[in-house]
Amino acid sequence: MKITVKLIGPFVQLFGFSEKALDVPPGTTADDLIGLVSIDKARPKIVTRNGRAVVPDEALSDGDRVVISPIYSGG
Amino acid sequence: MNGWTGQILRVNLTTKTAKTEAFSEEFARKWIGGRGFAAKILFDELAPGIDPLGPDNKFIVALGPIAGIPAPNTGKAVVAGKSPSTGGYGDGNLGTRVAEQLRKAGYDILIVEGRAASPTMLTIEDDKVEFLPADEVWGKGTYATNDWIYAKYGKGVGVLNIGQGGENLVRYAVVRSLEGRAGGRTGMGAVMGSKLLKAIVVKGSKPIPQADPAGMKKVGYDDLREVNRIDKKTGWSIQSTNGVLAWCNEVAALPVHNFRRTHHPDAWKVDGERLNNARVATYGCPNCTMRCGITIHDDEGRESELDYENIGLLGPNLEIFDLPAVGSLNYLCDDYGIDTMSGGCVMSFYADAVERGAAPGDIRFGDSEAFKKLLTSIALRQGQVGNILAEGSMRAARAFGHNSIDYAMQVKGLEVAAYNCKFIPGMALAFGVSPIGAHHKESWVITFELKQSVRESYGPEKAQKVIDLQRIRGGLFEFIVACRFPWIENGWPLEHYPKYFKLVSGLDWTLEDFWTVSDRIYSVIKLFWLREYPQTDRRADYPPAVWFDPSNVDTEGPIAGKCLEYDKYDGLLQHYYDLRGYDKRGIPTKATLERLGVAAEGRAAEKYGTLT
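> Describe the overall build of chain A, listing the residues and the values that go with them.
Along its length, chain A carries 2 helices and 5 strands. By the compact-globule yardstick of 11 Å for 75 residues, chain A fits well, its C-alpha radius of gyration being 12 Å. By principal-axis analysis of the C-alpha atoms, chain A measures approximately 35 × 25 × 20 Å. For chain A, the residues scored as buried account for 40% of the 75 residues in total.

> Run through the sheet that holds strand S4 (residues 52-53) of chain A, naming residues and quoting values.
All names here are of chain A. Taken together, the 5 strands give an open sheet; going across it, the order is S2-S1-S5-S3-S4, and neighbouring strands pair in mixed fashion. Sheet topology places strand S2 (19-23) and S4 at the edges, where each strand pairs with a single neighbour. Here 2 bridges tie strand S3 (residues 45-49) to S4, and the two strands are oriented antiparallel to one another. Note that in S4 the partner of Thr48 across the bridge is Ala53.

> Let's hear about helix H19 (residues 460-481) of chain B: which residues, and what values?
Residues and elements named next belong to chain B. The end-to-end C-alpha distance of H19, which contains 22 residues, comes to 29 Å, matching closely the 32 Å that a straight helix rising 1.5 Å per residue would cover. Within H19, the axis deviates most sharply at Gln470, by approximately 30°. Counting buried positions along H19 gives 18 out of 22 residues, so the element sits mostly inside the fold.

> Please set out the confidence of the model for chain B residue by residue, giving values where relevant.
The pLDDT averaged across chain B works out to 97; a share of 100% of its residues lies at or above 70. Both confidence scores are given for the complex: pTM 0.98, ipTM 0.96.

> Any details on the nonpolar core? Residues and values, ideally.
Counting 216 residues, the largest nonpolar core has Ile60, Ile66, Ala77, Leu110 and Ile480 of chain B as the members making the most contacts within it. If we ignore the near neighbours within four places in the chain, the residues touching Ile60 of chain B are Ala38, Ile41, Leu42, Val79, Ala80, Gly81, Ile109, Leu110 and Ile111 of chain B.

> Go over helix H14 (residues 368-379) of chain B with me, naming the residues and quoting the values.
Residue and element names in this part refer to chain B. Over its 12 residues, H14 extends 16 Å from the first C-alpha to the last, a length consistent with the 16 Å expected when each residue adds 1.5 Å. Those residues of H14 not exposed but buried are Ser368, Phe371, Leu374, Leu375, Ile378 and Ala379. End-on view of H14: buried residues confined to an arc of 130°, all on one side of the axis. Looking at the buried residues of H14, the elements they touch are helix H5 (164-167), helix H12 (323-336), helix H13 (340-355) and helix H15 (383-389). Downstream of H14 by one or two residues, Arg381 has phi in the positive range, about 50°.

> Before we move on, can you summarise the interface of chain A and chain B with the specific residues and values?
Across the boundary between the two partners, chain A contributes 21 residues, which contact 27 residues of chain B. For the side of chain A that touches chain B, the secondary structure elements donating two or more residues are helix H1 (11-15), S3, S4 and strand S5 (65-70) of chain A. The element contributing the most residues to the side of chain A that touches chain B is H1 of chain A, with 3 residues. Its residues assigned to classes, the side of chain A that touches chain B shows 9 nonpolar, 10 polar and 2 charged.

> So what about the packing of helix H2 (residues 34-45) of chain B against helix H22 (residues 511-532) of chain B? Which residues, and what values?
Residues and elements named next belong to chain B. Contact geometry of H2 with H22 gives a least axis separation of 9 Å together with a crossing angle of 30°. When the axis of H2 is compared with that of H22, the two are roughly parallel. Crossing handedness for the pair H2 and H22: left-handed. Here Arg35, Gly36, Ala39, Lys40, Leu42 and Phe43 of H2 lie close against H22, whose contacting residues are Val517, Ile521, Val524, Ile525, Leu527 and Phe528. For the contact of H2 with H22, the residue count by class is 9 nonpolar, 1 polar and 2 charged.

> An account of the sheet that holds strand S1 (residues 7-12) of chain B is requested, with residue identities and associated values reported.
All names here are of chain B. Pairing in this open sheet of 6 strands is mixed, and the strands run S2-S1-S6-S3-S4-S5 from one edge to the other. The sheet terminates laterally at strand S2 (17-22) and strand S5 (89-95), the two strands that pair on one side only. The sheet shows a mean angle of 20° between the axes of neighbouring strands, direction not considered. Two strands pair when backbone bridges link them, and strand S3 (residues 59-62) and strand S6 (residues 109-113) are joined in this way by 4 bridges, in the antiparallel orientation. By the bridge assignment, Ile60 is partnered in S6 with Ile111.

> Lay out the pairing of strand S12 (residues 197-203) of chain B with the relevant residues and their values.
All names here are of chain B. In terms of burial, S12 is largely enclosed, as 7 of its 7 residues are buried. Across 6 bridges, the pairing between strand S7 (residues 120-125) and S12 is parallel. Directly across from Leu122, in S12, lies its bridge partner Ile200. Across 4 bridges, the pairing between strand S9 (residues 158-161) and S12 is antiparallel. Bridged to Leu160 within S12 is Ile200.

The rules we used
- Residues numbered from 1 in each chain as written.
- Chains lettered and ligands numbered in written order.
- Predicted model: local features only at pLDDT ≥ 70, side-chain atom pairs only at ≥ 80, totals over all residues.
- Helix = DSSP H or I, 4+ residues; strand = E, 2+ residues; numbered from the N terminus.
- Rg over C-alpha atoms; globule rule 2.2 N^0.38 Å.
- Buried ≥ 20, exposed ≤ 12 C-beta atoms within 10 Å, placed from the backbone.
- Pairing = 2+ DSSP bridges.
- Expected span 1.5 Å × (residues − 1).
- Bend = angle between axes of the 7 residues up to and from the residue.
- pLDDT = per-residue confidence, 0-100.
- Core = buried A, V, L, I, M, F, W, Y, C linked by C-beta atoms within 7 Å.
- Contact = placed C-beta atoms within 7 Å.
- Arc of directions from axis to C-beta.
- Nonpolar A, V, L, I, M, F, W, Y, C, P; charged D, E, K, R; others polar.
- Axes fitted to C-alpha atoms, helices over the stretch in contact; angles between N-to-C directions.
- Parallel < 35°, antiparallel > 145°, perpendicular 65-115°, else oblique.
- Left-handed = near helix turned anticlockwise from the far one by under 90°.

Here is the structure:
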């Protein structure tokens, strides 16, 4: 299935891309996806799926847009 | 008295006199500094009902025990007075060399009273205070004024100044400092302007009293280096605050078209990546090693310093998705000395009102040249529309009528920051209960709402989180007077602040002790508001009506079909009041005031409004 991954803020520079489309096997979870794009799992982050927060073991669906952001605390 | 100079400089512009007053150790320990000092002094010294733009108002610059001492992000000062925007307590903080210089001159607090007979520049050099003519720069912008001052005194002095916005009493005019910092969006620039006070210049040469100066020096410089190391590791400064723009767009929290929409396909054009790519220089405040100011060239070739708030509200909110054009609007706000957030909200409100036939004119969203002209007409109060909009969106809505108040994006007269809370209940509450009118600086709970709670919740966990953040952001950082960014953006532990406090004052306090001070200051601010608005009720703590409007919901995206609900919001507000010990109007109860050690202030306020 096709998933779009979008990185936010300094993650773009730190992990080397801004947005990319991936082909992943059915059943791939949000946590799996973070591993696939080589994001440091220990780094605090907030992950959204189609604009809504997800838990790590949530299975993704074809066409999802997953956004991975550092935890901003506001200006 | 280690930790404080123990001195107030009180200046009267009417009589051109200055005197030094000592404050007690009890006062210092009870209110600590910054906002604490300002709130207590304004409560004690201002008679309720005075005109915030008249000579009876006071302009205060207040510092805290670590302000100006080299340590993470201590180059900040609080400016305060009765707010021309809200009629309540008003303040703001800004990065400035005044923090260091005023303390070195021997003062923790500057109180400016009265009204000068002609444009004046106040200069303070240790014990010497002078009232100098400023006619030469009256009518000029903040950049020219700053250059004029630097040419006279050099770049090492502390400077606060205003532009034409403050001179012309635009109710959301700010105070400016350095080459790119602003504060006091509650109209503190207009308070200076009303006193014909164009600028304050400060230079000091005395040591700041500290319990352990050698220890503080070592810890301070070590920690400045450590914050810099952490910042390099996290990469936060790469996109700075504007890193959050793309995220707000993804989660439907971006203000677009006067907050009517929450995301836009062109938002990427003004996001943090594009801002970083356009960077021509980086600016920071004194004592900062994680500098957040990114400047770009605007569409007229000038350097303009951008961040998330001014891009969000002067960009997508006006449907402008071109960084140089946004930079131009931002430059004008900075030069005129007008708050970029309120300026953006006021102009978007006006364009919305025109679109709905509620206001005269032909301005259209997306027309950056038209917004530049509008901004100039506001700053110079030219024409009927410019004059009305200089009053802020709440008063403009009253002038335009046609229920336009529903989409004036403000709370208590102060415009909201760049977070669209159409369906973010906790952040809407944070705007509602901010003690100075809508402001994000007191509490920012969006990521908590999405990660540790659920967006749909109106539960007490969100009210508690708003309070927790208010105690830190609106309390600790505003009274100890330091920038919150090392903590909020790079995770710098709060435990460092009691450590700094001990090194400068010798007092061994815990964070819990600080939270009591935070709550005490909030309570006195609430009493200030009660005296001004004795008939107040909980509706004063409601966010803009358009966020509750079912006809205004998104038709697609993450929050399609959703908006805030009044009964649920009211329940969330009640959770907040219960946790705070406030009554059903949102006023601290007598028992709460007693617990916080401000029963006497409560009795003083009871002459004007009731307490329960």
